[in-house]
Amino acid sequence: MEHAQIEEHNLIDRYVRGTMPVELRADFEEHFLDCPECLEQLKLASALRDGLRLSAAELAASAAPRPDVSFFARLRSSFDWRWAVAIAAACLVLASMPTLVLFNRLGSVTKELSSNRTALSAAKKMIEGMEHAGAAVYILSPVRGEAAPARIAVPASSALTVLTLESDFTRYATYRATLRNDRGQIVWQQDQIHPSSPDAIGIVLAPSVLAVPGAYRLVVDGEDAQGRYALAATFSLTVSAQ
Amino acid sequence: MGAPLLLGGLHSTGRMEIIRASPADLVRRILDGDKSAEDELVERYANGVRMVICQSASSGSIDDIYQETFCLVLQKIRRGEVREPERLSGFIVSVARNLMIDHFRRTSRQQAREDPVDTTPLYSPEPSQLDRLLQEQRKLLARRVLAAMPSERDRTVLFRFYITDDDKERICEDLGLSSLHFNQVLFRARERFRILLEEMNNEKNEKKSLRRME
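In this text the structure is predicted, and so the values were computed from the model without any measurement.

1. Observations concerning the overall build of chain B
Working step 1: The number of helices and strands found in chain B is 8 helices and 2 strands.
Working step 2: Taking all 214 residues of chain B together, the buried fraction comes to 40%.

2. A few points about a positive patch on the surface
Residues and elements named next belong to chain B.
Working step 1: Together, K204, K208, R211 and R212 line one region of the surface with positive charge.
Working step 2: Mapped onto the fold, K208 is located in helix α8 (residues 179–213).
Working step 3: Its relative accessible area of 46% is what places K208 among the partly exposed residues.

3. Description of the pairing of strand β5 (residues 186–193) of chain A
All names here are of chain A.
Working step 1: Across 5 bridges, strand β4 (residues 174–181) lies against β5 in antiparallel orientation. Residue pairing for β5: L179 is matched across the bridge by W188.
Working step 2: Connecting β4 to the antiparallel partner β5 that follows it, the hairpin turn spans 4 residues, and G184 within it adopts a positive phi of roughly 85°.

4. Quick word on the confidence of the model for chain B
As a general rule, the predicted coordinates of low-pLDDT regions are not to be interpreted in detail.
All names here are of chain B.
Working step 1: In the predicted model, chain B carries a mean pLDDT of 77, and 79% of its residues have values of at least 70.
Working step 2: Low pLDDT (under 50) marks residues 1–17, which in the prediction has 26 contacts with non-local residues, meaning those over four places away or in another chain.
Working step 3: This model gives residues 115–125 a pLDDT under 50, and the stretch forms 16 contacts once residues within four places in sequence are excluded.
Working step 4: Among the prediction metrics, the complex's ipTM stands at 0.76, with pTM recorded as 0.56.

5. Remarks on the pattern of salt bridges
Working step 1: In this structure the tally under the stated criterion is 21 salt bridges over all chains.
Working step 2: With a shortest N-O distance of 3.4 Å, A:D224 and A:R228 are connected by a salt bridge. Of the two residues, A:D224 and A:R228, both sit in the buried class.
Working step 3: In this structure, the salt-bridge partner of B:K76 is B:E81, at a minimum N-O distance of 3.5 Å.

6. As for the packing of aromatic side chains
Working step 1: Taken as a whole and assessed by the stated rule, the structure comprises 8 aromatic pairs over all chains.
Working step 2: Their ring planes at 75° and their centres at 5.2 Å tell us that A:F169 and A:Y175 sit as a pair that is edge-to-face. The residues A:F169 and A:Y175 share a single accessibility class, namely buried.
Working step 3: Each ring, one from B:F161 and one from B:Y162, has its centre 5.4 Å from the other, and the planes form 70°; the classification is edge-to-face. Note on accessibility: B:F161 and B:Y162 belong to one class, buried.
Working step 4: One aromatic cluster is present, formed by A:Y15, A:F28 and A:F32 through successive ring pairs.

7. Quick look at the side chain of A:E29
Working step 1: Its place among the elements puts A:E29 in helix α3 (residues 22–32).
Working step 2: Reaching out from A:E29, the side chain makes a polar contact with the side chain of B:R97 at a distance of 2.9 Å.
Working step 3: Not counting the four nearest positions on each side in its chain, A:E29 is found in contact with A:Y15, B:V52, B:V93 and B:R97.

8. Examining a nonpolar patch on the surface
Working step 1: Nonpolar side chains collect at one region of the surface, where B:L130, B:L133 and B:L134 lie side by side and expose about 290 Å² of accessible area between them.
Working step 2: Note on placement: B:L130 falls in helix α5 (residues 129–148).

9. A few points about helix α7 (residues 168–175) of chain B
Working step 1: Considered for burial, the residues of α7(B) that qualify are B:K168, B:I171 and B:C172. End-on view of α7(B): buried residues confined to an arc of 100°, all on one side of the axis. In α7(B), the exposed residues that point more than 90 degrees away from the buried face are B:E169 and B:E173.
Working step 2: For α7(B), the secondary structure elements touched by its buried residues are α1 (3–8) of chain A together with α6 (152–163) and α8 of chain B.
Working step 3: Positioned one or two residues after α7(B), B:G176 has a phi angle of 65°, which is positive.

10. Quick notes on the packing of α6(B) against α8(B)
All names here are of chain B.
Working step 1: Across the interface, α6 lies against α8 with an axial gap of 10 Å and an inter-helix angle of 85°. Considered as vectors, α6 and α8 are oriented roughly perpendicular to each other. Listed contacts from α8 to R153, D154, V157, L158, F161 and Y162 of α6 are H181, F182, V185, L186, R188, A189 and R190.
Working step 2: For the contact of α6 with α8, the class distribution of residues is 8 nonpolar, 1 polar and 4 charged.

11. Overview of the confidence of the model for chain A
Working step 1: Looking at chain A, pLDDT values average 71 and 61% of them are 70 or higher.
Working step 2: A low-confidence stretch, residues 63–106 of chain A (pLDDT under 50), is modelled with 38 contacts involving residues beyond four sequence positions or located in other chains.

12. Description of the nonpolar core
Working step 1: Among the nonpolar cores identified, the biggest contains 68 residues, and A:F28, A:F32, A:L42, B:L41 and B:Y45 are the most heavily contacted of them.
Working step 2: Among the elements that line this core, the one with the most residues is helix α4 (residues 36–61) of chain A, at 9 residues.
Working step 3: When sequence neighbours within four positions are dropped, the list of residues in contact with A:L42 reads A:I12, A:Y15, A:V16, A:F28, A:F32 and B:M51.
Working step 4: Listed in part, the 26 residues of the second largest apolar core include A:I152, A:I203, A:L205 and A:F235.

13. Concerning the packing of α7(B) against α8(B)
Residue and element names in this part refer to chain B.
Working step 1: Closest axis-to-axis distance for the α7/α8 pair is 10 Å, and the angle between their directions is 110°. With respect to α8, the element α7 is oriented roughly perpendicular. Residue-level contacts link K168, I171 and C172 of α7 to S179, F182 and N183 of α8.
Working step 2: Its residues assigned to classes, the contact of α7 with α8 comprises 3 nonpolar, 2 polar and 1 charged.

14. Focus on the environment of A:V212
Working step 1: Mapped onto the elements, A:V212 comes out in the loop between β6 (200–205) and β7 (214–223).
Working step 2: Along the backbone, A:V212 and A:V239 are 27 residues apart, and their C-alpha atoms lie at a distance of 7.6 Å.

The rules behind these values
Residues numbered from 1 in each chain as written. Chains lettered and ligands numbered in written order. Predicted model: local features only at pLDDT ≥ 70, side-chain atom pairs only at ≥ 80, totals over all residues. Heavy atoms only, no water. Helix = DSSP H or I, 4+ residues; strand = E, 2+ residues; numbered from the N terminus. Buried < 20%, exposed > 50% of the residue type's maximum accessible area, 1.4 Å probe, protein only. Patch = residues over 30% accessible without salt bridge, like charges linked within 9 Å, V, L, I, M, F, W, Y side chains within 5 Å. Areas by Shrake-Rupley, 256 points an atom, 1.4 Å probe, with all protein chains shown as cover. Salt bridge = Lys/Arg side-chain N within 4 Å of Asp/Glu carboxyl O. Lys, Arg positive; Asp, Glu negative; His and termini not counted. Charge placed at Lys NZ, Arg CZ, Asp CG, Glu CD. Pairing = 2+ DSSP bridges. pLDDT = per-residue confidence, 0-100. Contact = heavy atoms within 4.5 Å. Phe/Tyr/Trp six-rings, centres within 6.5 Å; stacked < 30°, edge-to-face > 60°. Polar contact = N/O pair within 3.5 Å; in protein donor to acceptor, adjacent residues only side chain to side chain. Arc of directions from axis to C-beta. Axes fitted to C-alpha atoms, helices over the stretch in contact; angles between N-to-C directions. Parallel < 35°, antiparallel > 145°, perpendicular 65-115°, else oblique. Nonpolar A, V, L, I, M, F, W, Y, C, P; charged D, E, K, R; others polar. Core = buried A, V, L, I, M, F, W, Y, C linked by side-chain atoms within 4.5 Å.

Put into structure tokens, the structure is as follows:
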């Protein structure tokens, strides 16, 4: 396998996303097993994808269910608040240090503040990206007894749907979410989901996933140390076109 | 057979480039009973095998399949069962894949035998501190990569490709991008990620040295 072919057909990213055809996959695996360059690119792509998805899920899950205030505005104010506290804490620490130590530490503190500022700015841009992409955000609670399913009106213009699943997610380190339509067919599945907080998981769905109106069931299974899955929570939703 | 054979060439930049032994040579040395060649094989293919396994196996079974793969590969090489030594990596991948399939079969049989009524969840250990640290690091770096993207369009490409799993063709069509531009965006993002990772590691090392000096 040639590197030109790998680059032209995005084989690195297709492999990481799990969208590579089986016959191509075997050839590519045989190649990268003995190719340090491709292996390095695979590791980078995999880590970058994980980082982006974790960030998006965390941002989505940190939204509180208050209908009168927009999700993104609350996130912004939350980040501003954290930033102000960070500056105040840093100033307090600096003021209490002897001058000599202060000079030694000043450089590293400035660096940390600078990197926090960069991260804050990136988070804001990511949120803007979600807004720009027309993200629709919904918060779901698990099904208990005969509770009616959550109703979701998916806007026609929505580029993606963000679901924040609320339940106790402290039992397992990772979870698997499976979305089935009313015929029981799997329309979407994702493994290795890390909870964004002890009581929330954020998932991001492509526009095509909830394109068909109808009833859906989202099952979240926890993965134990032996790789076995056990039911953690079930969510029901009815999708109607807006 | 003696010590591991390390062949090298000096670049014009002064950097030493390691020229690796051919796969057929590795196989031949293992057949000759050279233990260091076995270590060399494991070191050379370790990251690749882990990457292959991680793509399909659940986190709890990765280490087991990884160990089994190298045990079986070395046994088969010693027994002279590698027909095409030049295609050693293909052989190793097929062994790993067969072990994964075998593992899935065993796991599903075991699950079927267990009492289906008993759904008491088994508790798994929390992610290790290292796992959490790596996750935090990835999140932070990913946000910095997004921030460093030169345009809103490039950010949207990353967002749609890596987070919402949209197809390349669809993204290119929606954003009016050529395939080449799309590839460049992904490549630049990975490069930026690599540089930031290196910078972060260097900073950590500097801090460690400073602490030692204090």
